[in-house]
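The residues making up each chain are set out below.
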Amino acid sequence: MMKKIYKMAYITKTSCKFLGILIIIACVGGAIALMQSVASLASFEVGFVGFSLIVGGSFITLLKRLKNQDSTKDNDRKESKKQESKEQETQEAQEKMPSFSTRFVIGAQISLSFLRLVSYVLFALMLIALFEYQLFALSAFFVGLCIAVVVFVGLGLWSIRQAKVQ
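Definitions and cut-offs
- All residue numbers refer to position in the chain's written sequence, counted from 1.
- Local features in this predicted model are restricted to residues whose pLDDT is 70 or higher, and side-chain atom pairs enter the listing and the counts only when it is 80 or higher, whereas totals over whole chains, interfaces and linings include all residues.
- Side-chain descriptors were evaluated using all non-hydrogen atoms of the structure, hydrogens and water having been removed beforehand.
- By definition, any uninterrupted DSSP run of H or I lasting at least four residues is a helix, any uninterrupted run of E lasting at least two residues is a strand, and each is numbered from the N terminus.
- Think of it in three bands: residues with accessible area under 20% of the maximum for their type are buried, residues over 50% are exposed, and the middle band is partly exposed, with areas taken using a 1.4 Å probe on protein chains only.
- Throughout, a residue-residue contact means that at least one pair of heavy atoms, one from each residue, lies within 4.5 Å.
- Side-chain rings of Phe, Tyr and Trp, where Trp is taken by its six-membered ring, are said to pair if the distance between their centres is within 6.5 Å; with planes under 30 degrees apart they count as stacked, over 60 as edge-to-face, and otherwise as tilted.
- One fewer than the residue count of a helix, multiplied by 1.5 Å, yields its expected span.
- As used here, the arc belongs to the directions running from the helix axis to the C-beta atoms.
- Nonpolar cores were defined as sets of buried Ala, Val, Leu, Ile, Met, Phe, Trp, Tyr and Cys residues, with membership established by side-chain atoms within 4.5 Å.
- Patch membership requires over 30% relative accessible area and the absence of a salt bridge. Like charges are linked within 9 Å, and nonpolar side chains (Val, Leu, Ile, Met, Phe, Trp, Tyr) within 5 Å.
- Only the protein chains shown count as cover for residues, and the accessible areas themselves come from Shrake-Rupley with a 1.4 Å probe.
- Here, a salt bridge means any side-chain nitrogen of Lys or Arg that lies within 4 Å of a carboxyl oxygen of Asp or Glu.
- The term polar contact refers here to a pair of N or O atoms within 3.5 Å; inside protein, the definition further demands a hydrogen-donor-capable atom paired with an acceptor-capable atom, and it admits residues adjacent in sequence only when both atoms are side-chain atoms.

Draft legend 1. Structural view of the overall build of the protein. If you tally the helices and strands in the protein, you get 6 helices and 0 strands. Evaluated residue by residue, the protein yields a buried proportion of 22% over its 166 residues. A separation of at least 24 residues holds for 78% of the contacts in the protein among residues at least 6 apart in sequence.

Draft legend 2. Spotlight on the packing of aromatic side chains. Summed over all chains, the structure comprises 6 aromatic pairs. With centroids separated by 6.0 Å and ring planes inclined at 10°, the aromatic side chains of Phe-44 and Phe-48 adopt a geometry described as stacked. In this pair, Phe-44 and Phe-48 both sit in helix H2 (residues 38-80), 4 residues apart, roughly one turn of the helix. Assessed through its relative accessible area of 3%, Phe-44 is described here as buried. You can call Phe-48 buried: its relative accessible area is 2%. Centroid distance Phe-123 to Phe-141: 6.2 Å. Interplanar angle 20°. Geometry classified as stacked.

Draft legend 3. Summary view of helix H5 (residues 114-132). The terminal C-alpha atoms of H5 lie 27 Å apart, and with 19 residues this matches the ideal 27 Å at 1.5 Å per residue to within 8%. Regarding H5, the residues found buried are Arg-116, Ser-119, Phe-123, Leu-127 and Leu-130. The arc that holds every buried residue of H5, seen down its axis, measures 75°, which confines them to one face. Seen from the open side of H5, the exposed residues pointing more than 90 degrees away from its buried face are Phe-114, Ile-128 and Glu-132. Looking one or two residues past H5, Gln-134 carries a phi angle of roughly 55°, positive in sign.

Draft legend 4. Structural view of the nonpolar core. Within the largest apolar cluster, 11 residues are counted, these being Phe-18, Leu-22, Ala-26, Ala-33, Phe-44, Phe-48, Ala-137, Ala-140, Ala-148, Val-151 and Leu-155. Elements represented by at least two residues in this core include exactly helix H1 (2-36), H2 and helix H6 (138-165). Among residues more than four places away in sequence, those in contact with Leu-22 are Phe-48, Ser-52, Val-151 and Phe-152.

Draft legend 5. A nonpolar patch on the surface, seen in detail. On the surface, Val-49, Leu-53, Phe-59, Ile-60, Phe-114, Leu-115, Val-118, Val-121, Leu-122, Leu-125 and Ile-128 cluster together to form a nonpolar patch covering roughly 920 Å² of accessible area. Put simply, the parts of the chain that give the nonpolar patch at least two residues each are H2 and H5. Within the secondary structure, Val-49 is located in helix H2. The class for Val-49 is partly exposed, based on a relative accessible area of 30%.

Draft legend 6. Spotlight on the side chain of Ser-58. You can see Ser-58 is positioned in helix H2. Note on Ser-58: relative accessible area 15%, which makes it buried. A distance of 3.3 Å separates a polar atom in the side chain of Ser-58 from a polar atom in the side chain of Arg-116.

What follows is the structure, encoded as structure tokens:
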């Protein structure tokens with residue numbers, strides 16, 4: 001029980017740090033893009049925020065999936081203690097080697113999650129608004145996307161490193 005609380009506290013603390021870093025980068029990048037033009041600012045922010053929403057939605061869905069999986073495993077462990085050892089060995093073998101269909105279902109659940117779909121809709125609406133008001137600047141949009149990718153890869157690697165240290 002205490003280990004779960006520690007994990008959730010770590011995830012919450014890490015998520016707050018990630019959100020702070022993203023906000024700072026969005027503000028600094030927006031200020032730099034504003035020096036070019038308002039169109040560059042809008043395009044940069046749409047690229048950066050849109051990508052961040054999509055990845056953030058995927059991350060939240062993955063966290064929910066892992067949380068549900070942990071609670072399911074706890075329930076399964078309680079029930080498996082009551083069953084024979086042979087059934088436990090079969091179940092453990094299945095958990096160690098997930099089948100293609102299991103992996104496919106998990107991937108589909110993450111890809112088609114509600115938050116991720118809402119993020120794609122918001123991203124599309126932001127792009128439509130840029131085109132509607134003739135504010136789309138390809139270079140600033142591409143810079144926003146690239147910076148978001150670099151930030152998320154960096155934060156992911158940093159998070160993995162921190163998890164290994166603890």
